[in-house]
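# Observations on the three-dimensional arrangement
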Amino acid sequence: MDFLGILNSTAGFILAPVTIAYALAALGLAVHFGFAGLLNMGMAGFMALGAYGYAIGILSFGLPWYLAALVGLGAAVIFALILGIPTLRLRGDYLAIVTIASAEILRLLFLTKVFDEYTGSADGLFSYNGEFQESNPIPAGTYGFPPFEDTAAMWWVRIVGIIILAVATFAVWRLVNSPWGRVLKGIREDEDAIRSLGKNVFTYKMQALIIGGVLGAMGGLVLAMSSNVNQGQYVTSLTFFIWTALLLGGAATVFGPLVGSLIFWVLQAFLGLLFPALAEQGLLFGLSSIQAAQIKFIIVGVALVLIVVFRPQGIFGNKKELTFVR
Amino acid sequence: MSGNATPSSTPVKSTGLHIGDAAPGVAKKDPILVAHGIKRQFGGLTAVDVAHVEIPRNAITALIGPNGAGKTTFFNLLTGFDQPNEGDWSFDGKSLKGVPSFKVARMGLIRTFQLTKALGLLTVMDNMKLGNTGQRGEKLLSSLIPALWKKQDAEIEVKAMDLLTRFKLDAKHEDFAASLSGGQRKLLEMARALMTDPTLVMLDEPMAGVNPALTQSLLDHILDLKTQGMTVLFVEHDMHMVRHIADWVIVMAEGKVVAEGAPDEVMKNPAVIDAYLGSHQDVDLGAVTGRITLPETK
């Protein structure tokens, strides 16, 4: 068993675009759930809009990549408005039901043959990153040292992703530590109390839904920049993975989602390589290596349960600040 | 100022608030809140059916009545937390019909809740700061630039600390509100309401679950509001408290206003005694409101 090789591949995920994408989406979810108390179960939908908006903007409308990126983020704003206007007046659980359904509706719209010309339906969209890579100031070649060794193209994605993540994290940190964030946390605790103090609760919740949604779309954008776009990526389980990353780090924190995503991906990659390797050695009760690769998903599920039961505040959270059981 | 543990001297009662005889719906010399024809039905149940009521300005008015009389529902209707099926009501001459609750609050009509709504996972100080209206930092874009709101926030903190000191919560300002006792939460909610600089404070059972020692200081706080020029309307079951601090008493039963008057007179009213004070607890409420006529028993 090539244990060193496994560790090497695992380490590569520390700076992977997918980790950055998860961190952005989990940060958005932290704004939604951790600070505003909005139970958004449709983060995959927001991410899909970021990715598809970007790809369609370039392929179908010939926009420059940065304008196409804005199209993706704008689509997330519109989605948040459409979702929020009817549902934010309802109790929290209903938002969860509506968001999970809406995200699936979006995905099926991307899948259907009707819009094949724009969405590529089941094949998805690809080869739209040409112009983005033309803006890459790094000369072609391979950079870095193992395990952080990659092409100039991938480094450009990482650099752009990290810049987006840094700016987003700073903005969210500023927001939640301001009087605006105070109102948001108050809404999480008790909407009616905040209403009785003269604050327009609906506006605050809508703003939070939009900000979190745009952060999710940024995550989709980074994913789209690093590979192709396919509706199969934006399934409901993606939402649950983001939730796991968020709860791992701490829902009501700013840096928790980032660290949570990192741990999530490193662990995912490690287990995803470890179990097949073990199976090949015949150490997993006769499971084939393909079967063994699925074990990591079981572990993710068990981990999520254990976090929620034993450490609901996550790694960074204050035990007193967020508990699921009141 | 208030806050003495010993009962303050007999409070100065405001008198001559009404015009004509004290009867349900009597007109006031200077009403701050006028409600007319308010009706709220939940399915077949009529929870509130108030023909006319006026709340006098700069006085302490108690709203009393047995459980299920519709007091809290009436509170919800007046403050925009619920909308009546019919009726008009106005605050300071401005109609409140269809005005959402947060706008009602911004007009200076602040309420507290029967089940205390302290924001448990925020600190006591953050709870207080939330009460302040017109904060620049509460706007999304300006919240990103601390320079725009830091100074105002510091001023709010001084104001909050001053109020917390009056309510003897200053030592707790860094604690989560969830760590406060039930009575302290009542105090916090009242202090938070005062952060909004209200003109009319509506307290829903401010004394429920508060120990007697704290009750006295709460009473002083409420009396204090009047001296500061505010108007108070409160729901309470404790008759001694009502007698002690209220200038005017409105009695509700089965959704209707059944009696009104100065505390001493209203408590002599046989209808009130029957309905509420418990001398004939076995009498059906319907008899008091005149819905049912009971056969003579004695």
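The model shown is predicted, which means the values in this text are computed figures rather than measured ones.

## Considering the sheet that holds strand 4 (residues 86-91) of chain B
All names here are of chain B.
- If you walk across this open sheet you meet the four strands as 2-1-4-5, and the pairing is antiparallel. Each of the sheet's edge strands pairs with one partner strand only, and the pair in question is strand 2 (45-56) and strand 5 (94-95).
- Both strand 1 (residues 31-42) and strand 2 contribute to a ladder of 10 bridges, which runs antiparallel. Bridge pairing links Ile38 to Val50 in strand 2.

## Here's the deal with a nonpolar patch on the surface
Residues and elements named next belong to chain A.
- A surface patch of nonpolar side chains, amounting to about 790 Å² of accessible area, comprises Ile14, Phe170, Trp173, Phe255, Leu262, Ile263, Leu267, Ile315 and Phe316.
- Of all the secondary-structure elements, those providing two or more residues to the nonpolar patch are helix 8 (152-176) and helix 13 (256-280).
- Broken down by element, the residue count for the nonpolar patch peaks at three residues, all from helix 13.
- Counting through the fold element by element, Leu262 comes out in helix 13.
- For Leu262, a relative accessible area of 30% translates into the label partly exposed.

## What to know about helix 11 (residues 201-226) of chain A
- In a regular helix each residue adds 1.5 Å, so 26 residues correspond to 38 Å; helix 11 of chain A covers 38 Å between its end C-alpha atoms and thus fits that length.
- Within helix 11 of chain A, 22 of the 26 residues are buried, which leaves it mostly tucked inside the rest of the structure.

## Some thoughts on the sheet that holds strand 3 (residues 60-64) of chain B
Residue and element names in this part refer to chain B.
- The strand order across the open sheet built from six strands is 6-7-8-3-9-10, with neighbouring strands paired in mixed fashion. In the strand order of this sheet, the two ends are held by strand 6 (109-111) and strand 10 (256-261), each with one partner. Across this sheet, the average inter-strand angle for adjacent strands is 20 degrees, counted without regard to direction.
- In this sheet, strand 8 (residues 231-235) lies alongside strand 7 (residues 200-204) in parallel orientation, the contact comprising five bridges. Looking at the pairing, Asp204 lines up with Val235 of strand 8.
- Docked against the sheet, helix 7 (residues 212-227) engages strand 3, strand 7 and strand 8, running at close to 130 degrees with respect to strand 3.

## Regarding the pattern of salt bridges
- Scanning the model with the defined rule gives 24 salt bridges over all chains in all.
- Between Glu260 of chain B and Lys28 of chain B there is a salt bridge; the shortest N-O distance is 2.8 Å. Taken as a pair, Glu260 of chain B in strand 10 and Lys28 of chain B in the segment before strand 1 lie far apart in primary sequence, 232 residues in all.
- Judged by its relative accessible area of 4%, Lys28 of chain B is buried.
- With a shortest N-O distance of 4.0 Å, Asp204 of chain B and Arg111 of chain B are connected by a salt bridge. Highlighted residues: Asp204 of chain B in strand 7 and Arg111 of chain B in strand 6, separated in sequence by 93 residues.
- By relative accessible area, which is 3% here, Arg111 of chain B ends up buried.
- Linked by salt bridges that have partners in common, Arg182 of chain A together with Lys129, Asp153 and Glu157 of chain B make up one network.

## Quick word on the confidence of the model for chain B
Residues and elements named next belong to chain B.
- With 89% of its residues at a pLDDT of at least 70, chain B reaches an overall mean of 85.
- Ranking the elements of chain B by mean pLDDT puts helix 11 (residues 285-289) last with 58 and helix 3 (residues 124-131) first with 95.
- The low-confidence segment residues 1-7, where pLDDT is below 50, has 12 contacts with residues more than four positions distant or belonging to other chains.
- For this predicted complex, the interface confidence score (ipTM) comes to 0.86, while the overall pTM stands at 0.89.

## With respect to unusual backbone geometry
- If you check the backbone angles, Ser121 of chain A has positive phi at about 35 degrees while not being a glycine.
- With respect to the secondary-structure elements, Ser121 of chain A resides in the loop between helix 6 (116-119) and helix 7 (130-134).
- Judged by its relative accessible area of 2%, Ser121 of chain A is buried.
- At Glu205 of chain B, a residue that is not glycine, the phi angle is positive and equals roughly 50 degrees.
- Take Glu205 of chain B: it is sitting in the loop between strand 7 and helix 7.

## Focus: the environment of Ala252 of chain A
- Structurally, the position occupied by Ala252 of chain A is in the loop between helix 12 (236-249) and helix 13.
- Each C-alpha atom, one on Ala252 of chain A and one on Val172 of chain A, is 12 Å from the other, the two residues being 80 residues apart in sequence.

## Thoughts on the side chain of Lys296 of chain A
- One can find Lys296 of chain A in helix 15 (residues 295-310).
- If we skip the residues at most four places from it in the chain, Lys296 of chain A touches Gln268, Leu271, Gly272 and Phe275 of chain A.

## As for the interface of chain B and chain A
- Across the contact, 33 residues belong to chain B and 31 residues belong to chain A.
- Together chain B and chain A conceal approximately 2,700 Å² of surface at their shared face, both sides included; 65% is due to carbon and sulfur atoms.
- Scanning the region where chain B abuts chain A turns up three salt bridges.
- With a shortest N-O distance of 3.1 Å, Glu138 of chain B and Lys199 of chain A are connected by a salt bridge.
- Inspection of the chain B/chain A interface yields 11 residue pairs in polar contact (both at pLDDT 80 or more).
- Contributing elements (two or more residues each) for the side of chain B that touches chain A: helix 2 (101-106), strand 6, helix 3, helix 4 (140-143) and helix 6 (182-194) of chain B.
- Residues of the side of chain B that touches chain A, tallied by class, amount to 15 nonpolar, nine polar and nine charged.

Definitions and cut-offs
Residues numbered from 1 in each chain as written. Chains lettered and ligands numbered in written order. Predicted model: local features only at pLDDT ≥ 70, side-chain atom pairs only at ≥ 80, totals over all residues. Heavy atoms only, no water. Pairing = 2+ DSSP bridges. Helix = DSSP H or I, 4+ residues; strand = E, 2+ residues; numbered from the N terminus. Patch = residues over 30% accessible without salt bridge, like charges linked within 9 Å, V, L, I, M, F, W, Y side chains within 5 Å. Areas by Shrake-Rupley, 256 points an atom, 1.4 Å probe, with all protein chains shown as cover. Salt bridge = Lys/Arg side-chain N within 4 Å of Asp/Glu carboxyl O. Buried < 20%, exposed > 50% of the residue type's maximum accessible area, 1.4 Å probe, protein only. Expected span 1.5 Å × (residues − 1). Axes fitted to C-alpha atoms, helices over the stretch in contact; angles between N-to-C directions. Contact = heavy atoms within 4.5 Å. pLDDT = per-residue confidence, 0-100. Buried area = accessible area lost by both parts, 1.4 Å probe. Polar contact = N/O pair within 3.5 Å; in protein donor to acceptor, adjacent residues only side chain to side chain. Nonpolar A, V, L, I, M, F, W, Y, C, P; charged D, E, K, R; others polar.

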